[in-house]
Amino acid sequence: MAKEYPFVENTLGKKLQAGTGLTVDCLTCRRRARLDIAELVKRVGPDHGCMHYDLIKVIFCHECRAAGRDDRDLQFTNHAVTPDQRNGWKPCP
Ligand SMILES: [Zn+2]
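Because the structure is predicted, anything quoted here is derived from the model rather than measured.

J.: So what exactly am I meant to see when it comes to the sheet that holds strand β3 (residues 74-79) here?
T.: Taking strand neighbours across the sheet as the criterion, the three strands line up as β2-β1-β3 in an open arrangement whose pairing is antiparallel. Of all the strands in the sheet, the pair left with one neighbour each is β2 (32-34) and β3. Recorded for the sheet is a direction-independent mean angle of 20 degrees between the axes of neighbouring strands. Here strand β1 (residues 21-26) pairs with β3 via six bridges, running antiparallel.

Written out as structure tokens, the structure is:
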């Protein structure tokens, strides 16, 4: 069983320090990807919030935008660790 974390990291900088991960699901096209927190911090700064309403401002689904679908119907999920895993989808700003 995974340990339970309180997830008090409310900014990307804190989240990066804590080494926790974030998964984003696009509810429109059902894609899922891990967010690259370090890359996100470089783009929007460590003080940017990592709550849904913060992230939705800077992240969208490229696939859906390209297809003219709703590109911000996203769901973010916190994880205790960030596995080294990529599937080629880039939901970054
Ligand atoms: Zn999508």
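J.: How should unusual backbone geometry be read in this particular structure?
T.: In this structure, Arg-30 is a non-glycine residue whose phi angle is positive, near 65 degrees. Relative to the helices and strands, Arg-30 resides in the loop between β1 and β2. Assessed through the 7 C-beta atoms surrounding it within 10 Å, Arg-30 is described here as exposed.

J.: Whenever I open this one, the pairing of β1 confuses me. Can you help?
T.: Along a regular strand, successive side chains alternate from one face of the sheet to the other. Residues Leu-22, Val-24 and Cys-26 point to one face of β1 and are all buried, whereas Gly-21, Thr-23 and Asp-25, pointing to the other face, are not buried. In the sheet, β1 pairs with β2 via three bridges, with the strands oriented antiparallel. Paired with Asp-25 across the strands is Arg-32, a residue of β2. Remark: five residues form the turn of the hairpin made by β1 and β2, two consecutive strands paired antiparallel; Arg-30 in that turn has positive phi of roughly 65 degrees.

What counts, and at which threshold
Residues numbered from 1 in each chain as written. Predicted model: local features only at pLDDT ≥ 70, side-chain atom pairs only at ≥ 80, totals over all residues. Pairing = 2+ DSSP bridges. Helix = DSSP H or I, 4+ residues; strand = E, 2+ residues; numbered from the N terminus. Axes fitted to C-alpha atoms, helices over the stretch in contact; angles between N-to-C directions. Buried ≥ 20, exposed ≤ 12 C-beta atoms within 10 Å, placed from the backbone.

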